[in-house]
Amino acid sequence: MPNPPASQLPPDEPARLHSLRTHQVLSTLTEPLFEEFVALTAQVFSLPISLISVVEEDEVLYPANHGMPGNERQPRVEALCSTAIQQARAVVYHDLALETSAALPPEALLAAESNELRFYAGALLLLPDQRPLGTLCIIDRQPRTFSAAEQRVLDLLAALVSQSIAVRLALYAQPPAGVAHWEQLRARLHEELRELTALVRYLFARHGVQIPVPADLLAQVERRLLDLQRLLAEHER
């Protein structure tokens, strides 16, 4: 598997990889809770695909996957998610068939074409030391607009995933009480995500699917996400 060239790596790549290996996040991200996060993310934006990616040294892993069965990993040079790591920010590609950004390697564009992908938006996921581990991304097989309000909600969802990872890692470092505490919190998060998913379904059933998602609908989702953020913050202390 070819390594990405230096031009496709962030300046702090050695420190990022060291942090990624130290925290060992994959066992965390394989929990069903994170499948619920990607399923909710896809539904919020009325898109068929949402993934959590972990950008390793020469490949990208997808431990939580909604809408792309069998897509467990791919070479880093072919992964759209790796461009967010390179640029250390959220990225949006409205139409990959027309994309000319120098940040997108030709291998990634060819892989996207092979998989019939046209739209991609990815928000950074962060490790507890705030180094990027990968992305929470949404994907469509059609070109798509993406509003500032939608970007804000995607960023908030990614922040919640990052916060959940940090809390889980911190509690698992304090067995056995911390592990039991996480199990209770995870059950609460599962219930909150279930209720939020039901709210999103209701809103779209009532108002219809619109692209981009109307700001007033997103505002209702955002309020619930901020409640989840406060719930997790209570367990970070």
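Basis of the calculations
Residues numbered from 1 in each chain as written. Predicted model: local features only at pLDDT ≥ 70, side-chain atom pairs only at ≥ 80, totals over all residues. Heavy atoms only, no water. Salt bridge = Lys/Arg side-chain N within 4 Å of Asp/Glu carboxyl O. Helix = DSSP H or I, 4+ residues; strand = E, 2+ residues; numbered from the N terminus. Buried < 20%, exposed > 50% of the residue type's maximum accessible area, 1.4 Å probe, protein only. 1 Å grid on protein atoms, 1.4 Å probe; cavity = no way out; pocket = protein on both sides within 12 Å on 5 of 7 lines; lining within 4 Å. Points joined across faces, edges and corners; volume = space filled by probe spheres on them. Nonpolar A, V, L, I, M, F, W, Y, C, P; charged D, E, K, R; others polar. UniProt positions renumbered as here; feature names shortened; annotations may be inferred. Core = buried A, V, L, I, M, F, W, Y, C linked by side-chain atoms within 4.5 Å. Contact = heavy atoms within 4.5 Å. Pairing = 2+ DSSP bridges. Axes fitted to C-alpha atoms, helices over the stretch in contact; angles between N-to-C directions. Phe/Tyr/Trp six-rings, centres within 6.5 Å; stacked < 30°, edge-to-face > 60°. Lys NZ or Arg CZ within 6 Å of the ring centre and 35° of its normal.

If you look the chain up in an unreviewed UniProt entry, it shows as GAF domain-containing protein from Hymenobacter perfusus.

> When you look at the pattern of salt bridges in this model, what are you seeing that I'm missing?
Pairing between side chains of opposite charge can happen when the charged atoms of each approach one another. Taken as a whole, this structure holds 16 salt bridges when the rule is applied. Across the pair Arg73 and Glu59 runs a salt bridge, and its minimum N-O distance is 2.9 Å. Of this pair, Arg73 sits in strand β3 (residues 73-75) while Glu59 is found in strand β2 (residues 59-66), placing the two residues 14 residues apart along the sequence. For Arg224, the salt bridge is made with Glu195, and the minimal N-O distance between the two is 3.5 Å. Within this pair, whereas Arg224 is found in helix α8 (residues 215-234), its partner Glu195 is found in helix α7 (residues 177-207), the two being separated by 29 residues in sequence. Under the relative-accessibility criterion, Arg224 is labelled partly exposed at 26%. Taking relative accessible area as the criterion, Glu195 reaches 33% and is therefore assigned partly exposed. In the salt-bridge network here, residues are joined through shared partners; they are Glu31, Arg168, Glu183 and Arg186.

> I would appreciate a short explanation of empty space enclosed by the protein in the present structure.
The method is simple in principle: a probe with the dimensions of a water molecule rolls over the atoms, and the space it marks as empty is what remains. On inspection of all chains with the given rule, the structure shows one cavity of 30 Å³ or more. Computed from the structure, the largest cavity encloses a volume of approximately 40 Å³. In terms of lining residues, the largest cavity is bounded by Val44, Val200, Leu203, Phe204, Val213, Leu217, Leu218 and Val221. Residue composition of the lining of the largest cavity, by class: eight nonpolar, no polar and no charged.

> I keep staring at the UniProt feature "domain: GAF" (unreviewed entry) in the chain and nothing clicks. Help me out?
This chain's UniProt record puts "domain: GAF" (unreviewed entry) on residues 29-175. Taken end to end, residues 29-175 comprises 37% helix and 26% strand; its first and last C-alpha atoms sit 19 Å apart.

> I tried to follow the nonpolar core on my own but got confused; where do I start?
When a protein is soluble and globular, its nonpolar side chains tend to lie buried together. Within the largest apolar cluster, 53 residues are counted, with the highest numbers of intra-cluster contacts made by Phe34, Phe45, Ile52, Leu136 and Leu225. Every element with two or more residues in this core is listed here: α3 (32-44), β1 (49-55), β2, β5 (119-126), β6 (132-140), α6 (148-172), α7 and α8. Take this core: its biggest share by element is twelve residues, from α6. Filtering out sequence-adjacent residues up to four positions away, Leu225 remains in contact with Val153, Leu156, Leu157, Leu160 and Leu196. Membership of the second largest hydrophobic core comes to 22 residues, among which are Cys81, Tyr93, Leu124 and Ile139.

> Explanation requested: the sheet that holds β1 in the structure shown.
Strand pairing within a sheet occurs via backbone hydrogen bonds; the two strands may be parallel or antiparallel. Spatial ordering of the open sheet is given by β3-β2-β1-β6-β5-β4, a layout of six strands whose pairing is antiparallel. Each end of this open sheet is capped by a strand with a single partner; those strands are β3 and β4 (91-93). The sheet shows a mean angle of 25 degrees between the axes of neighbouring strands, direction not considered. Sheet topology note: the β1/β2 ladder contains five bridges and is antiparallel.

> Looking at this structure, how should I read the packing of aromatic side chains?
Across all of its chains, the model carries four aromatic pairs by this definition. Both rings, one in Phe45 and one in Phe146, keep their centres 5.7 Å apart while their planes meet at 50 degrees; by these two values the pair is tilted. Of this pair, Phe45 sits in the loop between α3 and β1 while Phe146 sits in the loop between β6 and α6, and the two are 101 residues apart along the sequence. Residues Phe119 and Phe146 carry aromatic rings whose centres are separated by 5.7 Å and whose planes lie at 50 degrees to one another, so their mutual orientation is tilted. Taken together, the residues Phe119 in strand β5 and Phe146 in the loop between β6 and α6 connect sequence positions 27 residues apart. Residue Phe119 is classed as buried on the basis of its relative accessible area, which comes to 0%. Every member of this aromatic cluster is reached through a ring pair, and the members are Phe45, Phe119 and Phe146. Taking the ring centre of Phe119 as reference, the NZ or CZ of Arg144 above it sits at 5.8 Å.

> Would you take a moment to explain unusual backbone geometry for this structure?
With the exception of glycine, the majority of residues adopt a negative phi angle, and the majority of peptide bonds are in the trans configuration. Of the consecutive residues Pro175 and Pro176, the connecting peptide bond is found in the cis state with omega at -5 degrees. With omega at -5 degrees, the peptide bond leading from Ile211 into Pro212 counts as cis. Despite not being glycine, Gln24 shows a phi value in the positive range, around 50 degrees. Considering the arrangement of structural elements, one finds Gln24 in the loop between α1 (13-23) and α2 (26-29). Look at Ser46: it is not a glycine, yet its phi comes out positive at around 55 degrees.

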